[in-house]
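Coordinates in review
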Amino acid sequence: MNCGTDPARLKIAGMSSDRIIQIERDILGRNNTMAADNRARFLADDLLVFNLVSSPGAGKTSLLVRAISELKKSRPVGVIEGDQQTSNDAERVRATGVPAVQINTGKGCHLDAAMVGEAYRRLPPLKDGILFIENVGNLVCPAAFDLGEACKIVVLSTTEGEDKPLKYPDMFAASALMLINKIDLAPVLDFDPAQTIEYARRVNPKIEVLTVSARNGEGFAAFYAWIRKQAAHQKRRA
Amino acid sequence: MHEMALCQGIIEIVEEEARRRSFSKVRTVCLEIGALSHAAPEAMKFCFEAAAAQTIADGAVLEIEKLPGLAWCMACSRSVEIGQRAEPCPCCGSYQLHVTAGEEMRVKQLEVD
């Protein structure tokens, strides 16, 4: 028997063949559970994990290659690379002697926690080290997917213009650190770092900012100091 | 287009609920989507139809309830509503806002047979 709906479209329980089921479940619940599993595993391995995000061509891989060449001198370092296609980036990382696993997402526009959990199993032990996850170059989709990282680092290059944080706010809201890369080109481009920082803090008042050049190494000492601070912070929380 | 991945997540939730509560047809899927969330309602509707095809939710109507974006303004110490990120406090114009609600992306309820 179907008694239909009342004017408020309220269904009467037991009086209709239709049922209303309240479920209240997070759409990203499955990813978030897997991200929590990853995070627990990373903490158990004393591993500091960063999720690098940016638009394509901001210089994530160049930045990473320079940073890991230095960081590997003092601790184990590993890299998980995400791209739609090719293993070019993993090969660039491996050329430094640092182990890297390439994930190809095919038509996918972001990494998810399951992909990262699987890739992590294929890396050698990195106890007490640092894992960098280089996400797919995309300033939109990766913002939604927690991978189990300690935090997201968004890379913005001076060639992209000052207003990226306003155009793609979700990513800047989700990140703890903004690295302004290609700072050596700023004078040629009339790029205004102060304006970029002001825009980023409209979206995320707490975001930290460093200016770097992956090409000439400018600003990397401050980046390493920031990483050491994060490592100390994680140890205190553990 | 992460909305496709989100819609596949919705279908997984619906199929799990169908196994647990034994229903065989879904008429309506009702979502709660916050104004500051990662989901664009129009893109969700577009992707849902494709994600639902040949599943238990094939042909189901997707209803979206929009939830407001709320933030605590650190400058004027009050809770304010904002329509999107990078918007200033409507009371004092400050950008010193701490988002407190509006990031939700939930399957709220299902209407099933």
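Quick caveat, the model's predicted, so the values are computed rather than measured. (Residues numbered from 1 in each chain as written. Chains lettered and ligands numbered in written order. Predicted model: local features only at pLDDT ≥ 70, side-chain atom pairs only at ≥ 80, totals over all residues. Heavy atoms only, no water.)

In terms of helices and strands, chain B carries two helices and six strands. Reading the secondary structure of chain B in the N-to-C direction produces α-β-α-β-β-β-β-β. Expected size for 113 residues packed as a compact globule is a radius of gyration near 13 Å; at 17 Å, chain B overshoots this value by more than 25%. Here the analysis covers contacts within chain B between residues at least 6 apart in sequence; of these, 70% occur between residues at least 24 apart. Total accessible area on chain B is roughly 5400 Å²; 48% of this is exposed by carbon and sulfur atoms. For chain B, the distance from the average position of its 11 positive side-chain charges to the average position of its 17 negative side-chain charges is 4 Å. (Helix = DSSP H or I, 4+ residues; strand = E, 2+ residues; numbered from the N terminus. Rg over C-alpha atoms; globule rule 2.2 N^0.38 Å. Contact = heavy atoms within 4.5 Å. Areas by Shrake-Rupley, 256 points an atom, 1.4 Å probe, with all protein chains shown as cover. Lys, Arg positive; Asp, Glu negative; His and termini not counted. Charge placed at Lys NZ, Arg CZ, Asp CG, Glu CD.)

Turning our eyes to something else, we now look at the confidence of the model for chain A. Residues at a pLDDT of 70 or more form 93% of chain A, whose mean pLDDT is 93. Across residues 1-8 of chain A, confidence stays below pLDDT 50; counting only partners more than four residues off in sequence or on other chains, it has nine contacts. (pLDDT = per-residue confidence, 0-100.)

Tallying the contact residues gives 31 residues for chain A and 38 residues for chain B. Across the chain A to chain B interface the summed buried area is about 3000 Å²; carbon plus sulfur atoms make up 55%. Across the chain A-chain B interface, the total number found is five salt bridges. A salt bridge links Glu 12 of chain B to Arg 30 of chain A; the shortest N-O distance between them is 2.8 Å. If one sorts the elements of the side of chain A that touches chain B by residue count, strand β1 (residues 19-26) of chain A sits on top with eight residues. When the residues that make up the side of chain A that touches chain B are grouped by side-chain class, the tally is 16 nonpolar, three polar and twelve charged. By the bridge criterion, six bridges tie β1 of chain A to strand β6 (residues 105-112) of chain B in an arrangement that is antiparallel. By the bridge assignment, Asp 26 of chain A is partnered in β6 of chain B with Arg 106 of chain B. (Buried area = accessible area lost by both parts, 1.4 Å probe. Salt bridge = Lys/Arg side-chain N within 4 Å of Asp/Glu carboxyl O. Nonpolar A, V, L, I, M, F, W, Y, C, P; charged D, E, K, R; others polar. Pairing = 2+ DSSP bridges.)

This brings us to the sheet that holds β1 of chain A. Here four strands make up an open sheet; going across it, the order is β1(A)-β6(B)-β1(B)-β2(B) and the pairing mixed. Pairing within the sheet leaves two strands with one partner each, and these edge strands are β1 of chain A together with β2 (61-67) of chain B. Strand-to-strand, the axes of this sheet are offset by a mean angle of 20 degrees, without reference to chain direction. Relative to β1 of chain A, helix α1 (residues 2-21) of chain B is tilted by about 130 degrees, and along the sheet it contacts β1 of chain A together with β1 (26-34) and β6 of chain B. (Axes fitted to C-alpha atoms, helices over the stretch in contact; angles between N-to-C directions.)

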